[in-house]
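Each chain is listed here by its residues.
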Amino acid sequence: MKKDFVVNISKLTAAIKQRGFGLILVLDTSKDHPYTLYNDIQGVADDYAVTDDAYKIASRIFGQNPAPQQVAIFGKEYDSEIGEPADLVTALNELVNVNNDWFALTCTENANAEVIALSGWIDTQEKMYFTTTQDLSLPAQIESEQTTVMFHHSPEAYVAEGLAAYMLVRMIGGVTAKFRSISGVLASEITATELAQLHDDNGFSYIRKMGVLQTTEGKTTSGEYIDVVLGAFFLQFKMEEESALLAVNTEKIAYDNVGIASLVSVAEKVLKLGVTQGIILRDDDDNGVFQINYVKREDTPTNDIANRVYNGVSWSADLAGAIHEGTISGVLKY
C-alpha cells in the first residue's frame, strides 16, 4: 500500500575527535623507543626492565587507584652530560606532529636544565608538565602556569608523576591537588623551614600530616592552582569540540541571529557542564554564576560577515575554588 506521507529520518552523528585528559606521556631518555601505548604495567615490562626509570614512572602512574587506562612512552636517547636540553624539545616537536593525543608530560630526566627546557616547551602547548625534583631551589627558577614541580628527597619517589595520574582520572577541575595521598610514596624528608620556602617559590612536597600522607599544596610554578588550570583547559577543549560538532552536524550555521544563538547555546552547554564539574561557582539557588554576551548579526562588521567569521560570543564565570585552610572559632560556657 502506498504511503500518503513519508518520513525520512537521517541521524546527524558525525564524530568529532575529543581530546582526553587521562593520557600521560613518559619521555624516556635511556634509549630511542617508538611512541607506544601501554594498557598496564605488564605491557611496559615487555619493553623495559623494572630497574629502568621509565618503568618506575609508569608503575607509579598505573599504581594509583583508580589508574589511567593507558600510559604512553616515547624514548629519545639522551645523555645529560654531553647532550643539550634542546634535543629533548626537538624530539617532542617531532612527536606531536605525529602523536599529539596525550595531555600530561613526565620525563625520566629531571636535572634542572632539562626541567627548565621542558617547562618552556610545555608553555607553547595545550598540555601540562609534572616533575619531581631533588633540588629545593628549582621551583624558583620556573614560572609556568602549566608546570608542576614537587620536591622529594628520593629520586625514585616520582610523586608529581603520581599526582598527575590522580588528578587526570578524576572529574577535571573538581578535585584540588592539595591533601592528596599518592599510592606507593613515602613522606619526603623536608624541614618546616624548607617547606615554607618551597611554598613561597610555588613548589610543594609530600609529608605526613595529622597521621595522613598528603601533598602539601596544589599549585603550578606560576602560583595558579592545578585544578584551575585543568578546569580552564577543560572548558576550552569542550567548547572547541562542541562547536566543531555543531558545524559538521549542521547543513550550515546561518549567519543570522538564529545561527548566532546556536553558538551561544554551545557556550551555555559547556559552562553548565563546568558547573557540574565543580569548575564554575554555584549560587545559593544552585545556578551557575556565569554570563554570556553576544553580538547580533546587525551589529557585526560587514567584512566579518563577508569572510564568514564571527567573533561575537564572549563569556565570564566565577571560579568555584576550594578551601585549603581556615579558622574555626568557638566558645566554651558553663
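Definitions and limits used
Residues numbered from 1 in each chain as written. Predicted model: local features only at pLDDT ≥ 70, side-chain atom pairs only at ≥ 80, totals over all residues. Heavy atoms only, no water. Helix = DSSP H or I, 4+ residues; strand = E, 2+ residues; numbered from the N terminus. Buried < 20%, exposed > 50% of the residue type's maximum accessible area, 1.4 Å probe, protein only. Salt bridge = Lys/Arg side-chain N within 4 Å of Asp/Glu carboxyl O. Domains from an automatic or database assignment. Contact = heavy atoms within 4.5 Å. Buried area = accessible area lost by both parts, 1.4 Å probe. Polar contact = N/O pair within 3.5 Å; in protein donor to acceptor, adjacent residues only side chain to side chain. Nonpolar A, V, L, I, M, F, W, Y, C, P; charged D, E, K, R; others polar. Axes fitted to C-alpha atoms, helices over the stretch in contact; angles between N-to-C directions. Left-handed = near helix turned anticlockwise from the far one by under 90°. Pairing = 2+ DSSP bridges. Arc of directions from axis to C-beta.

### Regarding the overall build of the protein chain
The secondary structure content of the protein chain amounts to 9 helices and 10 strands. Its C-alpha atoms give the protein chain principal-axis dimensions of about 75 × 70 × 50 Å. Going through the 334 residues of the protein chain one by one, you find that 45% of them count as buried.

### Focus: the pattern of salt bridges
Inspection of the entire model under this criterion finds 5 salt bridges. A salt bridge links Glu-156 to Lys-56; its shortest N-O distance comes to 2.7 Å. Linking Glu-156 in the loop between strand E6 (147-151) and helix H5 (159-168) with Lys-56 in helix H2 (residues 53-62), this pair joins segments that are 100 residues apart in sequence. We classify Glu-156 as partly exposed; its relative accessible area is 46%. Measuring nitrogen to oxygen at the nearest pair gives 3.8 Å for the salt bridge that ties Lys-238 to Glu-241.

### Notes on the domain arrangement of the protein chain
Domain annotation for the protein chain reports domain 1 (24-224) and domain 2 (250-317). Placing a centre on the C-alpha atoms of domain 1 and another on those of domain 2 gives a separation of 36 Å. The interface of domain 1 with domain 2 comprises 4 residues on the first partner and 4 residues on the second. Counting the surface lost from both domain 1 and domain 2, the interface buries some 270 Å², and carbon and sulfur atoms represent 47% of this. On the domain 1 side of the contact with domain 2, Met-171, Ile-172 and Gly-173 bury the most area, a combined 90% of that side's loss. Summed over the shared surface of domain 1 and domain 2, the result is 2 residue pairs in polar contact (both at pLDDT 80 or more). Within the side of domain 1 that touches domain 2, the residues separate by chemical class into 2 nonpolar, 2 polar and no charged.

### Concerning the packing of helix H3 (residues 85-96) against helix H4 (residues 112-122)
A pair of packed helices can be characterised by two numbers: the angle between their axes and the separation between those axes. Interhelical geometry of H3 versus H4 gives an angle of 35 degrees and a closest axis separation of 9 Å. Considering the relative orientation of H3 and H4, their crossing is right-handed. Facing H3, whose interface residues are Pro-85, Leu-88, Val-89, Leu-92, Asn-93 and Val-96, H4 presents Ala-113, Glu-114, Ala-117, Leu-118 and Trp-121.

### A look at the sheet that holds strand E3 (residues 71-75)
Here we have 6 strands laid out as an open sheet, ordered E2-E3-E1-E4-E5-E6, and mixed in their pairing. Only two strands of the sheet have a single partner each, and these edge strands are strand E2 (33-38) and E6. Strand-to-strand twist in this sheet, taken as the mean axis angle between neighbours without regard to direction, amounts to 20 degrees. Bridge analysis of E2 against E3 gives 4 bridges, and the strand direction is antiparallel.

### A few points about the side chain of Thr-29
Note that Thr-29 resides in the loop between strand E1 (24-28) and E2. Note on Thr-29: relative accessible area 10%, which makes it buried. Not counting residues up to four positions away in its chain, the partners in contact with Thr-29 are Lys-76, Glu-77, Tyr-78, Leu-88, Cys-107, Thr-108 and Glu-109.

### Here's the deal with the environment of Phe-74
Assignment of secondary structure puts Phe-74 in strand E3. On a C-alpha basis, the gap between Phe-74 and His-33 in space is 5.6 Å, while along the polypeptide they are 41 residues apart. Non-local contacts of Phe-74, meaning those with residues more than four positions away in its chain, are made with Leu-25, Val-26, Leu-27, Asp-28, His-33, Pro-34, Tyr-35, Ala-91 and Leu-95.

### Section: H4
Think of an α-helix as 3.6 residues a turn; residues three or four steps apart then line up on the same face. Residues of H4 that are buried: Glu-114, Val-115, Leu-118, Ser-119, Trp-121 and Ile-122. Seen along its axis, H4 keeps its buried residues to an arc of 160 degrees; they face one direction. Elements that come into contact with the buried residues of H4 comprise E1, H3, strand E4 (104-107), strand E5 (128-133) and E6.

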